[in-house]
Amino acid sequence: MPELISSPLFLIIAAIVAIFLIIGIIKHTWRFLILIVVVVAALFWLGIVKESDVHNWLEDLRKMVE
């Protein structure tokens, strides 16, 4: 089994699968971010969320990351 895992053909196939997985994750991430932007824009338009609320939320998020 160790010979199979260290063979060049297996490593090439594993690298190709990993690249496709990363591309798939990135594509879904962009869709998710676009969905978040659309929801926030709708909340602004409906007047449910105010600009100061978003500024406070981003400031709190920045403090939490630091």
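Going by the structure above, here's the rest.
None of these values were measured; they are calculated from a predicted model.

**Section: the overall build of the protein chain**
In terms of helices and strands, the protein chain carries three helices and zero strands. Across the protein chain, helices and strands are ordered from the amino to the carboxyl terminus as α-α-α. What you see for the protein chain is a C-alpha radius of gyration of 21 Å, clearly larger than the 11 Å of a compact globule of 66 residues, by over 25%. For the protein chain, the computed accessible surface area is about 6200 Å², with 79% contributed by carbon and sulfur atoms. The protein chain carries 5 positive and 6 negative side-chain charges, and their two centres are separated by 8 Å.

**Details of the pattern of salt bridges**
Taken as a whole and judged by the stated rule, the model has one salt bridge. Note that Glu 59 is salt-bridged to Arg 62, the shortest N-O span being 2.4 Å. Of this pair, Glu 59 and Arg 62 both sit in helix H3 (residues 51–65), three residues apart, roughly one helical turn. With relative accessibility at 33%, the residue Glu 59 sits in the partly exposed group. For Arg 62, a relative accessible area of 42% translates into the label partly exposed.

Calculation criteria
- Residues numbered from 1 in each chain as written.
- Predicted model: local features only at pLDDT ≥ 70, side-chain atom pairs only at ≥ 80, totals over all residues.
- Heavy atoms only, no water.
- Helix = DSSP H or I, 4+ residues; strand = E, 2+ residues; numbered from the N terminus.
- Rg over C-alpha atoms; globule rule 2.2 N^0.38 Å.
- Areas by Shrake-Rupley, 256 points an atom, 1.4 Å probe, with all protein chains shown as cover.
- Lys, Arg positive; Asp, Glu negative; His and termini not counted.
- Charge placed at Lys NZ, Arg CZ, Asp CG, Glu CD.
- Salt bridge = Lys/Arg side-chain N within 4 Å of Asp/Glu carboxyl O.
- Buried < 20%, exposed > 50% of the residue type's maximum accessible area, 1.4 Å probe, protein only.

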